[in-house]
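Read off the chains here:
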Amino acid sequence: MRPAGRSDTDSLYFDYPHFDPPAERDALSDPVPVAIVGAGPVGMTAALALAHEGVRSVLLDAKDTFNDGSRAICISRSSYQILERLGVLAPFLEKSLPWTTGRSFYRGQQILEFEMPDGLSEKFRPMYNIEQQYIEQFLWQAIDREPLIDARWQSRVTGVEDTDDGVMLTVEDLLDRYHMKADWLLAADGARSTIRGLRGLRLKGENHEGRYVIADVQMNHDYPTIRRALFDPDCRRGGTVLVHRQPDNIWRIDYQLRDGEDASDAIREEAVRASVASVLDEIGHSGDWDLEWWSVYSANTLALDDYRDGRIFFIGDSAHIVPIFGVRGLNNGLADASNIAWKLAWVMQGRANAALLDSYTPERRGATLDVFANASKSARFMAPPTAGWQLMRDAALNLALSHPFAGTLANPRQMSPYTYADSPVIAPDDPAFSHGPVPGAPLPGTRVGDGFLSDCLGDGFSLITFDGALERHLDDLDLTIVSLPPASDAAARLAATSSSAYLVCPDAHIAARWAEATPKAVRDAFTLAIAGDTT
Amino acid sequence: MTAADLETVYEALAKQLDAIAQDKRDLFLAKLVLLLSHDLDDASQVLSRIRESAANIDV
Ligand SMILES: Cc1cc2nc3c(=O)[nH]c(=O)nc-3n(C[C@H](O)[C@H](O)[C@H](O)COP(=O)(O)OP(=O)(O)OC[C@H]3O[C@@H](n4cnc5c(N)ncnc54)[C@H](O)[C@@H]3O)c2cc1C
């Protein structure tokens with residue numbers, strides 16, 4: 001919502017583009033390899049990831065511009081790794097504000113300062129703040145110059161039927177209503193997914209206590225890019241407030257409504273202005289400020305049981321809704337897009353077996369459930385659901401005033417990378433390792449020469465070796481060999497000796513590893529990773 | 001801990017509880033448990049003590 005007199009897209013700092021429906025109309029009904037419903041950040045990323053693999057797609061969105069207002073603002077390191085692999089990261093790095101530190105306050109006193117995992121071995125910082133409009137704009141700029149993506153705005157999908165070898169979509173725009181056959185469909189149509197409804201599927205899970213208003217304000221406010229969490233502050237007794245810095249002097253104020261506070265009342269402009277003013281007073285801002293945009297949300301943990309339905313894959317908010325203070329909503333969706341895109345491309349190109357697609361749900365739904373577990377912890381701390389949780393939360397905060405150890409309970413733990421533990425295409429770990437990253441885990445950051453290990457990886461699978469002999473027996477496999485010296489930072493980080501090796505998936509998760517690699521073991525793991533022989 | 005020590009703790013706790021407003025006693029006890037758990041540095045022992053303390057509570 002925006003202040004009275006301003007339209008949904010009348011922003012203080014962002015010029016919304018306007019997109020027309022397709023002008024070229026001859027080929028609208030031509031069959032396509034992949035259709036993507038929804039050009040939000042997740043659908044756009046999926047289109048770019050498919051194009052990166054050489055796969056053509058049609059990207060459909062009902063709207064005529066980007067999402068109104070800045071919703072997701074915290075983009076994680078893992079998302080930047082995805083955007084970098086797609087070659088679209090530069091404008092993000094230029095615009096966004098990196099951060100590593102969070103501070104928590106209880107009744108005005110700081111009780112915790114935490115640092116998210118970071119170091120010289122990491123190419124990117126743990127988190128970057130940037131408004132969602134810019135995320136969409138930067139993705140769109142890359143799509144606009146990508147010939148493999150046919151983007152159609154003001155094009156609403158209203159029907160989907162199974163055919164023998166794909167789906168038949170019904171699409172409506174201002175000029176026409178037409179059908180289009182797609183071999184595969186990615187449903188990136190958001191929390192209120194049309195496709196999910198058309199398929200009769202439902203999100204399942206829980207609604208947590210606590211409703212929050214998020215408001216963006218523009219102001220000159222002197223504070224570094226540090227996440228601030230205010231527990232039980234004077235401006236909002238019994239509630240929690242989060243404050244985040246964004247580019248363009250925009251600040252995100254996120255505050256919890258009290259029990260019994262009426263949400264429809266609380267989001268009236270005067271009510272939002274009064275609440276924001278009291279938060280700004282609390283954080284010591286006395287200068288001018290402008291209200292940009294606001295919205296209300298509650299903390300849900302909801303997901304589909306299966307992210308796949310025949311030839312349809314659900315990605316992003318259509319598949320899962322997570323509480324936003326875990327900052328995983330969008331980040332999780334980008335990982336979905338990256339995960340399904342390479343798999344679909346490899347299967348379509350005959351480079352992997354069709355069964356590979358069945359690893360999408362266990363990997364990505366597993367990641368969602370992990371987010372749920374963490375987010376549920378945060379939700380219980382920020383908005384304790386019962387008297388017991390409330391008492392322990394208050395005890396921890398109160399004790400933290402004198403004993404800092406108790407403050408660590410207020411750490412939101414937003415940055416634990418997820419390991420694909422239950423994936424049918426990830427090999428069991430080699431028991432000869434006592435440490436280092438396990439199969440399923442994302443490849444960790446480490447320096448290689450003047451750059452980073454991630455810079456050395458190929459576009460597809462990569463085999464990291466520390467000994468020249470192994471690869472001579474593997475040159476028929478569809479993978480990039482990365483030879484590293486046995487005495488190196490990378491070898492130490494990977495607990496590798498000269499005979500060790502790591503097989504890495506196109507999405508930079510580890511598929512298998514061996515303390516003593518043999519060509520046969522690599523060959524078997526590669527076959528597993530592409531879900532069986534393709535010949 | 002000797003019987004005398006235990007008695008000292010018992011008395012100190014009773015006095016402290018009386019010195020704290022009734023609606024803050026829960027908070028005080030919860031803080032104390034967190035603090036002592038931290039000192040004890042043994043989560044599984046604390047967990048079994050939590051279970052033991054909950055026994056007979058409705059007698
Ligand atoms: C009010 C609000 C505040 C949020 N705040 C945060 C936050 O602070 N932090 C955070 O991490 N996340 C936040 N989120 C979540 C975050 O914005 C989403 O996770 C993210 O936008 C998901 O991207 P998506 O591409 O999956 O879906 P969306 O961004 O919702 O995009 C879906 C797209 O599909 C299109 N569409 C829908 N139906 C059809 C159809 N039938 N045919 C064609 N097109 C269709 C829509 O027009 C839309 O463009 C917030 C969400 C909301 C709604």
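As the structure is a prediction and not an experimental result, all values here were calculated from the model.

1. Quick look at the domain arrangement of chain A
Residues and elements named next belong to chain A.
- Partitioning chain A into structural domains gives domain 1 (32-96 + 130-204 + 301-371) and domain 2 (447-529).
- Each of domain 1 and domain 2 has a C-alpha centre, and the two are 30 Å apart.
- At the junction of the two partners, domain 1 supplies 10 residues and domain 2 supplies 12 residues.
- Of the roughly 800 Å² buried between domain 1 and domain 2 on both sides combined, carbon and sulfur atoms contribute 50%.
- When the area that domain 1 buries against domain 2 is broken down by residue, the three leading residues are Arg-85, Trp-342 and Trp-346, summing to 58%.

2. Re helix α7 (residues 269-282) of chain A
Residue and element names in this part refer to chain A.
- Taking 1.5 Å of rise per residue, 14 residues should cover 20 Å, and α7 covers 20 Å from first to last C-alpha, within 8% of that figure.
- Of all the positions in α7, only Glu-269, Ala-271, Val-272, Ser-275, Val-276, Val-279 and Leu-280 are classed as buried. Projected onto a plane normal to the axis of α7, the buried residues spread over an arc of 165° and lie on a single side. Exposed side chains of α7 directed beyond 90 degrees from the buried face belong to Glu-270 and Asp-281.
- Once α7 finishes, Gly-284 follows within two positions and takes phi at roughly 80°, a positive value.

3. Remarks on the sheet that holds strand β7 (residues 127-129) of chain A
Residue and element names in this part refer to chain A.
- Strand order in the open sheet formed by 3 strands is β3-β7-β4, and the pairing between neighbours is antiparallel. Whereas interior strands pair on both sides, the edge strands pair on one side only; in this sheet they are β3 (74-76) and β4 (97-99). With direction set aside, neighbouring strand axes in the sheet form an average angle of 35°.
- Relative to β7, β4 is paired through 3 bridges, and the arrangement is antiparallel. The residue of β7 that forms the bridge with Pro-98 is Tyr-128.
- Against the sheet, helix α2 (residues 77-85) contacts β3 and β7, and its axis sits at roughly 70° relative to β3.

Conventions and cut-offs
- Residues numbered from 1 in each chain as written.
- Chains lettered and ligands numbered in written order.
- Predicted model: local features only at pLDDT ≥ 70, side-chain atom pairs only at ≥ 80, totals over all residues.
- Heavy atoms only, no water.
- Domains from an automatic or database assignment.
- Contact = heavy atoms within 4.5 Å.
- Buried area = accessible area lost by both parts, 1.4 Å probe.
- Helix = DSSP H or I, 4+ residues; strand = E, 2+ residues; numbered from the N terminus.
- Expected span 1.5 Å × (residues − 1).
- Buried < 20%, exposed > 50% of the residue type's maximum accessible area, 1.4 Å probe, protein only.
- Arc of directions from axis to C-beta.
- Pairing = 2+ DSSP bridges.
- Axes fitted to C-alpha atoms, helices over the stretch in contact; angles between N-to-C directions.

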